[in-house]
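Survey of secondary and tertiary structure
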Amino acid sequence: NNNILIFPPHEVLPYEELSHDFQIMKQRIEVLSRLAHINCHKYNYNEETSLSPLIIISTYQAILPKIMSCKHFYERHLELEREGQLKVEHFLNYLIEQGYRSSDLIETQGQFSQRGGIIDVFPPTEENPLRIELDGDRIASLRFFDQESQRSIRRVEQVLLLPRIEINSKLEAE
């Protein structure tokens, strides 16, 4: 059921520099994204989901850590569209601010790599990395690929990138 969501606790505290379980991080980011869309009145309900309440199952350990407000979390979503504009320097800064880590080779969720006009990003909510091919500042192609073979799995016209982190130290100062 799409209206029952599980918001699990972190295995480690979000402020610690230890590795987080990517499945837990993915699940938490997906729940926060759904709540952010609902809170900002941007979520597109279909008739089936609009009639049903949203149920979130969690523990006090999961909701205790301070996280970004729904508004701030939603504002950090980035929609990319084929044929859309993308300034590489701004995009790479966005990725770093949202908790993605630069890497020569994409191995796990939350990493990105740039080689010329190609940027690979492994969103925390996806099973496969995304390859963005640029022609100048224009997005020529968006496609998910197999990280082992580097072969395309599927092309997409648009994709929504979500923050990799729930906490933004810049926002805590505000």
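About the thresholds
Residues numbered from 1 in each chain as written. Predicted model: local features only at pLDDT ≥ 70, side-chain atom pairs only at ≥ 80, totals over all residues. Heavy atoms only, no water. Pairing = 2+ DSSP bridges. Helix = DSSP H or I, 4+ residues; strand = E, 2+ residues; numbered from the N terminus. Phe/Tyr/Trp six-rings, centres within 6.5 Å; stacked < 30°, edge-to-face > 60°. Buried < 20%, exposed > 50% of the residue type's maximum accessible area, 1.4 Å probe, protein only. Lys NZ or Arg CZ within 6 Å of the ring centre and 35° of its normal. pLDDT = per-residue confidence, 0-100. Contact = heavy atoms within 4.5 Å. Salt bridge = Lys/Arg side-chain N within 4 Å of Asp/Glu carboxyl O. Core = buried A, V, L, I, M, F, W, Y, C linked by side-chain atoms within 4.5 Å.

Turning our attention to the pairing of strand E9 (residues 152–155). As judged from the 3 bridges shared by strand E8 (residues 138–145) and E9, these two strands associate in the antiparallel manner. From the neighbouring strand, Arg143 faces E9, where its bridge partner is Arg155. Between the antiparallel neighbours E8 and E9 lie 6 residues, among them Gln150 with a positive phi of about 65°.

A complete count under the given rule lists 1 aromatic pair for this structure. For the ring pair Phe91 and Tyr94, a centre distance of 6.3 Å and an interplane angle of 15° mean the geometry is stacked. With a gap of 3 residues between them, Phe91 and Tyr94 both fall in helix H5 (residues 88–97), about one helical turn apart. Neither Phe91 nor Tyr94 differs from the other in exposure class; each is buried. Between the NZ or CZ atom of Arg131 and the centre of the ring of Phe145, over which it lies, the distance is 4.1 Å.

Time to look at the confidence of the model for the chain. Taken residue by residue, the chain gives an average pLDDT of 81. The fraction at 70 or more is 82%. Note on residues 42–51: pLDDT is under 50 here. Beyond four places in sequence and across chains, it has 8 contacts.

Moving on: the environment of Leu54. Along the chain, Leu54 falls in the loop between helix H2 (47–50) and strand E2 (55–58). Through-space distance from the C-alpha of Leu54 to that of Arg34 is 10.0 Å; in sequence the pair is 20 residues apart. Residue contacts for Leu54: discarding those within four places in its chain leaves Asn2, Asn3, Leu5, Arg34, Leu35 and Ile38.

Moving on to the pattern of salt bridges. Applying the stated criterion across every chain, the model contains 10 salt bridges. One salt bridge connects Glu75 with Arg76, and the closest N-O pair in it is separated by 3.9 Å. For Arg76, a relative accessible area of 16% corresponds to the buried category. Between Lys87 and Asp137 there is a salt bridge whose closest N-O contact spans 3.0 Å. Of this pair, Lys87 sits in the loop between strand E3 (78–81) and H5 while Asp137 sits in the loop between strand E7 (130–135) and E8; the two residues are 50 residues apart in sequence, bridging distant segments of the chain. The class of Asp137 is partly exposed, set by a relative accessible area of 30%. Each of the salt bridges in this network shares a partner with another, and the network as a whole consists of Arg82, Glu83, Asp135, Arg138 and Glu157.

This part is about the sheet that holds E8. With mixed pairing, 6 strands are arranged side by side in an open sheet as E4-E5-E6-E7-E8-E9. Across the chains shown, the open sheet's two edge strands, defined by having one partner strand only, are strand E4 (101–102) and E9. Relative to E7, strand E6 (residues 118–121) runs antiparallel, the two sharing 4 bridges. Residue pairing across strands places Ile118 opposite Glu133, the latter belonging to E7.

Membership of the largest hydrophobic core comes to 19 residues, with the highest contact counts inside it found for Leu80, Phe91, Leu95, Val121 and Ile132. Those elements that place two or more of their residues in this core are H5, E6, E7, E8 and strand E10 (158–161). Sort the elements by how many residues they give to this core and H5 lands first, with 4 residues. Each residue touching Leu95, except ones within four places of it in the same chain, is listed here: Tyr100, Phe112, Val121 and Leu161. Counting residues in each nonpolar core, the second largest holds 11 residues, with Phe7, Val31, Ala36 and Phe73 among its members.

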